[in-house]
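Here are the chains, one letter per residue:
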Amino acid sequence: DAKTTQPTSMDCAEGRAANLPCNHSTISGNEYVYWYRQIHSQGPQYIIHGLKNNETNEMASLIITEDRKSSTLILPHATLRDTAVYYCIVRKLGGQGGSEKLVFGKGTKLTVNP
Amino acid sequence: DARVTQTPRHKVTEMGQEVTMRCQPILGHNTVFWYRQTMMQGLELLAYFRNRAPLDDSGMPKDRFSAEMPDATLATLKIQPSEPRDSAVYFCASDPGLAGTDTQYFGPGTRLTVL
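Read on for an overview of the structure. Given the structure is predicted, the values throughout are model-derived calculations rather than measurements.

A few points about the interface of chain B and chain A
Item 1. If you look at the interface, chain B gives 23 residues, while chain A gives 23 residues.
Item 2. Together, the buried faces of chain B and chain A total about 1,800 Å²; carbon and sulfur atoms form 46% of this surface.
Item 3. When the area that chain B buries against chain A is broken down by residue, the three leading residues are B:Leu43, B:Asp102 and B:Phe106, summing to 32%.
Item 4. Viewed at the interface, chain A and chain B are joined by zero salt bridges.
Item 5. Where chain B touches chain A, the interface holds three residue pairs in polar contact (both at pLDDT 80 or more).
Item 6. Looking at the side of chain B that touches chain A, the elements with two or more residues in it are strand S4 (31-38), strand S5 (42-50) and strand S9 (88-95) of chain B.
Item 7. For the side of chain B that touches chain A, a count of residues per class yields 10 nonpolar, nine polar and four charged.

Regarding the sheet that holds strand S9 (residues 108-113) of chain A
Residue and element names in this part refer to chain A.
Item 1. Spatially, the five strands line up as an open sheet ordered S1-S9-S8-S3-S4, and their pairing is mixed. Single-partner strands in this sheet number two, and they are strand S1 (9-13) and strand S4 (45-50). Recorded for the sheet is a direction-independent mean angle of 25° between the axes of neighbouring strands.
Item 2. Looking at chain direction, strand S8 (residues 84-92) and S9 are connected through three bridges and run antiparallel. Bridge pairing in S9 places Val-85 opposite Lys-109.

Describing the state of the cysteines
Item 1. Per the stated rule, a full pass over the model turns up two disulfides over all chains.
Item 2. The side chain of A:Cys22 participates in a disulfide bridge whose partner is A:Cys88; the two sulfur atoms lie 2.1 Å from each other. Judged by the sign of its S-S torsion, about -80°, the bond between A:Cys22 and A:Cys88 is left-handed. Pair noted here: A:Cys22 is in strand S2 (residues 18-23) and A:Cys88 is in strand S8, with a separation of 66 residues, a long-range link.
Item 3. Under the relative-accessibility criterion, A:Cys88 is labelled buried at 1%.
Item 4. With a sulfur-sulfur separation of 1.9 Å, B:Cys23 is cross-linked through a disulfide to B:Cys92. When the S-S torsion is -60°, as for the bridge of B:Cys23 with B:Cys92, the disulfide is left-handed. Of the two residues, B:Cys23 is situated in strand S3 (residues 19-24) and B:Cys92 in strand S9; the sequence distance between them amounts to 69 residues.

Focus on the pattern of salt bridges
Item 1. Overall, the coordinates contain six salt bridges over all chains when judged by the stated rule.
Item 2. We note a salt bridge from A:Asp82 to A:Arg37, for which the minimum N-O separation is 2.8 Å. Of this pair, A:Asp82 sits in the loop between strand S7 (70-75) and S8 while A:Arg37 sits in strand S3 (residues 31-38), placing them 45 residues apart in sequence. Neither residue differs from the other here; A:Asp82 and A:Arg37 are each classed as buried.
Item 3. The network of salt bridges with shared partners includes B:Arg64, B:Glu83, B:Arg85 and B:Asp86.

Quick notes on the layout of surface pockets
Item 1. Looking at the largest pocket, its volume works out to about 910 Å³.
Item 2. Taken together, 40 residues form the lining of the largest pocket, with A:Gln38, A:Tyr87, B:Gln37, B:Thr38 and B:Met39 sitting closest to its centre.
Item 3. Every element with two or more residues in the lining of the largest pocket is listed here: S8 of chain A together with S4, S5, S9 and strand S11 (110-114) of chain B.
Item 4. Examining the composition of the lining of the largest pocket, we find that five residues originate from one element, S5(B), more than from any other.
Item 5. Here the lining of the largest pocket is composed, by residue class, of 16 nonpolar, 17 polar and seven charged.
Item 6. The computed volume of the second largest pocket comes to approximately 500 Å³.
Item 7. Along its surface, the second largest pocket is lined by 18 residues, and A:Gly43, A:Pro44, A:Gln45, B:Arg3 and B:Phe106 are the ones closest to its centre.
Item 8. Among the elements of the structure, S4 of chain A together with strand S10 (105-106) of chain B are those that each provide at least two residues to the lining of the second largest pocket.
Item 9. Split into classes, the residues belonging to the lining of the second largest pocket amount to eight nonpolar, seven polar and three charged.

Cut-offs and rules
- Residue positions within a chain follow its written sequence, with the count starting from 1.
- Throughout, the order in which chains and ligands are written sets their labels, letters from A for the former and numbers from 1 for the latter.
- Reporting in this predicted model follows two pLDDT cut-offs: at least 70 for local features of residues, and 80 or more for side-chain atom pairs to be given and counted; totals over whole chains, interfaces and linings ignore these cut-offs and use all residues.
- Calculation of side-chain values draws on the structure's entire complement of heavy atoms; hydrogens and water are dropped beforehand.
- Contacts are residue-level and defined by heavy atoms, with any inter-residue pair within 4.5 Å sufficient.
- Throughout, the accessible surface (probe 1.4 Å) given up by two parts as they are put together, summed over both, is called the buried area.
- A pairing counts as a salt bridge when a side-chain nitrogen of Lys or Arg comes within 4 Å of a carboxyl oxygen of Asp or Glu.
- As used in this structure description, the phrase polar contact means that two N or O atoms lie within 3.5 Å; if the pair is within protein, one of them must be able to donate a hydrogen and the other to accept it, and residues adjacent in sequence are counted only when both atoms belong to side chains.
- Only DSSP runs of H or I with at least four residues qualify as helices, and only runs of E with at least two residues qualify as strands; both kinds are numbered from the N terminus onward.
- Each residue is assigned to one of three groups, with Ala, Val, Leu, Ile, Met, Phe, Trp, Tyr, Cys and Pro labelled nonpolar, Asp, Glu, Lys and Arg labelled charged, and all others, Gly among them, labelled polar.
- Any two strands are treated as partners once DSSP identifies two or more bridges connecting them.
- Every axis in this analysis is a line fitted to C-alpha atoms, fitted for helices over the stretch in contact. Angles between the N-to-C directions lie between 0 and 180 degrees.
- Only a pair of cysteine sulfur atoms within 2.5 Å qualifies as a disulfide here.
- For every residue, the accessible area obtained with a 1.4 Å probe (protein chains only) is divided by the maximum for its type, and the residue is called buried under 20%, exposed over 50%, and partly exposed between those limits.
- Each cavity reported here is a set of points on a 1 Å grid over the protein atoms alone in which a 1.4 Å probe fits but cannot get out, each pocket an open set with protein on both sides within 12 Å along at least five of seven lines, and each lining residue one with an atom within 4 Å of a point.
- Grid points are joined across faces, edges and corners, and a volume is the space filled by probe spheres set on the points.

By themselves, these are just geometric observations and shouldn't be taken as functional.
The following block contains the structure:
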């Protein structure tokens, strides 16, 4: 799986958009970009994933550059409850039958301030 | 709201004792993962199962750790004998096994302290 690079920490004001970048310059054509987050003392939580098109769900939006070497997770209106460590993971989609392991890096510690 | 459950949530034990952690995956999920999290190493995979069969346990110290799935509703992780360096939070996760989804659902974790 390709390696990812994320800033160690970021701050965001409550109510503003949080934009979390991720570099994955060695991503291969069949690898997806996944985002998980981990709120303090909880298990990681899936947020979103994509291959090359931008994706949006009820939690966030994922913007992937055309060359797929980087992406940005956008939380459109950050709240205090969004304070967490955000992990960007690049991996192949599992085949029929279930997913494969997740390889977590250090992630970005996002702090949403009142 | 289906969730992965783990017991116990906290465990304090002395070096040399056996520790058993349990996980109940979400009903119908066919893939179960065990991860460990420490400050130094972060989150790392220990082992995982699909349809109760072990697929990969390369991340697990074989001499003291063992993982099993006695049935589809229970996964166990045992450490015998435990050592202080095993102190960590152990997470279980399950996946529904639907092609194209690949979403792992994590439990709340078991915080293990070995004195």
